[in-house]
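Examining the three-dimensional arrangement
Each chain is listed here by its residues.
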There are 2 protein chains.
Amino acid sequence: MEKNMTGRDGGADLIPVGNTPVVILVRPQLADNIGSVARAMANGGLFHLRLVAPRDGWPQPKAWRAASGADRLLDHTKVFDTVEAAVADLQHVFATCPRPRQIIKPLLTARGGACEMREMTNRGLKIGILFGPERTGLENEDFVQTDYWIRYPLDPRFMSLNLSQAVMIMAYEWWMSTEETPERQLQTNKTHIATKGELNNFMNHLIRELDHCGFLRNQEKRPGMIRNLYHLFQRGEVTEQELRTLHGVVAELVKGPMK
Amino acid sequence: MEKNMTGRDGGADLIPVGNTPVVILVRPQLADNIGSVARAMANGGLFHLRLVAPRDGWPQPKAWRAASGADRLLDHTKVFDTVEAAVADLQHVFATCPRPRQIIKPLLTARGGACEMREMTNRGLKIGILFGPERTGLENEDFVQTDYWIRYPLDPRFMSLNLSQAVMIMAYEWWMSTEETPERQLQTNKTHIATKGELNNFMNHLIRELDHCGFLRNQEKRPGMIRNLYHLFQRGEVTEQELRTLHGVVAELVKGPMK
């Protein structure tokens, strides 16, 4: 039997089978909530939990107490310093986003999002779902790494949703989507959909060169311009092959006009 | 501005409009959970909360703190001593029921249940949803007052669902059902679907007479026999007109054979 913080055989059956979306809590504040999130995930067949910069550090015994037996999920939780690092091996990232934003990105309901995720995981893609901190939600910087937004249809008069409740709805819809989404054939191209890490490599390359050529010299506008570039390249599925081409494009451009 | 326990203008917009299902917490233990339930209800457009014999009494300030602004719901929460009293003015009662039971009753998913409720409230019927206590769930006695069971499709390897999470899923499906369920025409019969109170009046009449005639004399079997009778009469929609007929039937039967 595996060891864990409580010494209980917490959810020994909860063996992550197959390719299921990764739940990523960004700067979560309360250990109680992290535990409740694990419990809600287990209810809906989600097993992979990642934390980005949890406020009070990790691990925290309070989380195990709130998980009501979903210990196994917490035992395997991974911690990252940045959203970028947490999504580096994933191919599509969804973010829950209660308020309208200016950025152009596909917006889905929880049900629609779950169906998309199911279709993607059936194709072998690795998926993540970002949830923001309790009080403030995700920030503009966090959205840079996301491809899709999810907004729950809820009563507009009272949209304040508890973190674990938000995860519960998503986990429930994930579980419900099993029957509803037909499987698609696996993609057989020789290339693969780029991971976030591969995409960020390219973005770093691009930004380095844009800094170099002075395109981003306005320090006030720089963050927003970079975000817009990220969003542009996140909009569709970019293959690893295409990224290599893009690297080439940037490398060639900076060489300047042919002599 | 209405006064409430916290002095905040908690969810001033949360004015119960129209006919929405009543959430009934049976013997809830933790005030925190009651508050979280109120918050989840507000997310999904449910406004009527009733408590049956809350363990630590009522009101409790902790509940208001956990409600994150859904104060208005808690301010209007009604407390009852028994399930029977809590459902007396309702016409259909649903109960969440995680484990299979021996009793014959329609079993619905959360989604199916929400659609049924929507259809019923569109017909002007008053609906309640029972949720059991945190640890133990509803007991056989509680189910006597219910017409339908709801079982959430969730991962069978981990079915332990937090009380407020259970309410969240139901509230979410209730809100989602708006678009999906076509309205039906209001029923125009001169009679109405009996309330639980009217039905219980008849049941009391029936049981009194059955006691009198000795049908229920086996004290060990008595509770189970009574439960079965309740379940029998709860299975369909009984009209108030039909109940009057049933009263007559019982009254006539106890008079014995015509002389």
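Reading guide: rules and limits
Residues numbered from 1 in each chain as written. Chains lettered and ligands numbered in written order. Predicted model: local features only at pLDDT ≥ 70, side-chain atom pairs only at ≥ 80, totals over all residues. Heavy atoms only, no water. Helix = DSSP H or I, 4+ residues; strand = E, 2+ residues; numbered from the N terminus. Buried < 20%, exposed > 50% of the residue type's maximum accessible area, 1.4 Å probe, protein only. Contact = heavy atoms within 4.5 Å. Areas by Shrake-Rupley, 256 points an atom, 1.4 Å probe, with all protein chains shown as cover. Least-squares fit on C-alpha atoms with pLDDT ≥ 70 in both. Pairing = 2+ DSSP bridges. Axes fitted to C-alpha atoms, helices over the stretch in contact; angles between N-to-C directions. Core = buried A, V, L, I, M, F, W, Y, C linked by side-chain atoms within 4.5 Å. Phe/Tyr/Trp six-rings, centres within 6.5 Å; stacked < 30°, edge-to-face > 60°. Lys NZ or Arg CZ within 6 Å of the ring centre and 35° of its normal. Buried area = accessible area lost by both parts, 1.4 Å probe. Salt bridge = Lys/Arg side-chain N within 4 Å of Asp/Glu carboxyl O. Polar contact = N/O pair within 3.5 Å; in protein donor to acceptor, adjacent residues only side chain to side chain. Nonpolar A, V, L, I, M, F, W, Y, C, P; charged D, E, K, R; others polar. Parallel < 35°, antiparallel > 145°, perpendicular 65-115°, else oblique. Left-handed = near helix turned anticlockwise from the far one by under 90°. pLDDT = per-residue confidence, 0-100.

Some words on the overall build of chain A
A tally of regular secondary structure across chain A gives ten helices and seven strands. Buried residues in chain A amount to 53% of all 259 residues. Long-range contacts, defined here as pairs at least 24 residues apart, represent 85% of the contacts in chain A between residues at least 6 apart. Carbon and sulfur atoms form 53% of the exposed surface of chain A, whose accessible area is close to 12,400 Å².

Thoughts on the relation of the copies chain A and chain B
Between chain A and chain B, the superposition needs a rotation of 180 degrees and an axial shift of 0.1 Å, giving an RMSD of 0.1 Å. The relationship between the two copies is best expressed as a two-fold rotation axis. Mapped onto chain B, 100% of the interface residues of chain A are again interface residues, and the two copies thus contact each other with one and the same surface.

Re the sheet that holds strand β3 (residues 78–80) of chain A
All names here are of chain A. Strand order in the open sheet formed by seven strands is β3-β2-β1-β6-β4-β7-β5, with parallel pairing between adjacent strands. At either margin of the open sheet sits one strand with a lone partner, and together these are β3 and β5 (107–108). Two elements, strand β1 (residues 22–26) and strand β2 (residues 48–52), share five bridges in a ladder whose sense is parallel. Following the sheet pairing, L25 is matched in β2 by L51. Of the strands in this sheet, β4 (92–96), β5, β6 (127–131) and β7 (148–150) touch helix α5 (residues 110–122), which is tilted by about 165 degrees from β4.

Some remarks on the nonpolar core
The biggest cluster of nonpolar side chains holds 90 residues, and the ones touching the most others in it are L25 and F131 of chain A together with L25 and F131 of chain B. With sequence-adjacent residues up to four places away left out, F131 of chain A is seen in contact with V23, I24, L25, V26, T96, L138, Y152, L163, A166, V167 and M170 of chain A.

So, the packing of aromatic side chains
Residues and elements named next belong to chain A. Under the definition given, this model contains six aromatic pairs over all chains. Relative to Y148, the ring of F94 has its centre 4.8 Å away and its plane inclined at 15 degrees; by these criteria the two rings are stacked. One end of the pair, F94, is in strand β4; the other, Y148, is in strand β7, with 54 residues separating them in the sequence. Of the two residues, F94 and Y148, both sit in the buried class. Residue placement shows R118 over the ring face of W174; its charged tip is 3.6 Å from the ring centre.

Focus on the interface of chain A and chain B
Between chain A and chain B, the residue contacts involve 37 residues of the former and 37 residues of the latter. In total, about 3,100 Å² of surface goes out of reach between chain A and chain B, with carbon and sulfur atoms giving 55% of it. Taken together, the connections running from chain A to chain B amount to two salt bridges. E173 of chain A is the partner of R111 of chain B in a salt bridge, and the nearest nitrogen-oxygen pair spans 2.9 Å. Between the two partners, chain A and chain B, sit 16 residue pairs in polar contact (both at pLDDT 80 or more). No other element matches helix α7 (residues 163–180) of chain A, which puts nine residues into the side of chain A that touches chain B. Partitioning the side of chain A that touches chain B into residue classes produces 20 nonpolar, ten polar and seven charged.

With respect to the pattern of salt bridges
Throughout the structure, instances matching the rule amount to 26 salt bridges over all chains. Residues R27 of chain A and E139 of chain A are paired through a salt bridge, measuring 3.8 Å at the closest nitrogen-oxygen approach. Within this pair, whereas R27 of chain A is found in the loop between β1 and α1 (31–43), its partner E139 of chain A is found in the loop between β6 and α6 (140–143), the two being separated by 112 residues in sequence. The partly exposed category is assigned to R27 of chain A, whose relative accessible area is 26%. What makes E139 of chain A partly exposed here is its relative accessible area of 43%. The closest approach of N and O atoms between D142 of chain B and R27 of chain B, which form a salt bridge, is 2.8 Å. Here D142 of chain B, found in helix α6 (residues 140–143), pairs with R27 of chain B, found in the loop between β1 (22–26) and α1 (31–43); they are 115 residues apart in sequence, far enough to count as distant.

As for the side chain of N200 of chain B
Secondary-structure assignment places N200 of chain B in helix α8 (residues 196–213). Once you skip the residues sitting within four places of it in the chain, N200 of chain B turns out to touch E84, Q145 and Y230 of chain B.

Considering the pairing of β4 of chain A
All names here are of chain A. With five of five residues buried, β4 is to be regarded as a mostly interior element. Here β4 pairs with β6 via four bridges, running parallel. Note on β6: the bridge partner recorded for F94 is I129. In this structure, β4 lies alongside β7, joined through three bridges in parallel fashion. Bridge assignment links A95 to a residue of β7, and that residue is W149.

What to know about the packing of helix α8 (residues 196–213) of chain A against helix α9 (residues 222–234) of chain A
Residue and element names in this part refer to chain A. At their nearest, the axes of α8 and α9 sit 11 Å apart, and the two run at 140 degrees to each other. Judged by the inter-axis angle, α8 sits oblique to α9. Where α8 crosses over α9, the two elements pack in a sense that is right-handed. Residues K196, L199, N200, F202, M203, N204, L206, I207, L210 and D211 of α8 lie in contact with α9, whose contacting residues are R222, I226, L229, Y230, F233 and Q234. Across the contact of α8 with α9, the residue classes tally to ten nonpolar, three polar and three charged.

A look at the confidence of the model for chain A
The predicted coordinates of low-pLDDT regions are not to be read in fine detail. For chain A, per-residue confidence averages 83 on the pLDDT scale, and residues scoring 70 or more make up 84% of the total. The least confident element of chain A is helix α10 (residues 240–254) of chain A, whose mean pLDDT is 79; the most confident is β1 of chain A, at 98.

So, the pairing of strand β6 (residues 127–131) of chain B
Residues and elements named next belong to chain B. Counting buried positions along β6 gives five out of five residues, so the element sits mostly inside the fold. Where burial is concerned, the two faces of β6 agree: the one with I127, I129 and F131 and the one with G128 and L130 are both buried. Pairing between β1 and β6: four bridges, direction parallel. Looking at the pairing, V22 lines up with G128 of β6.

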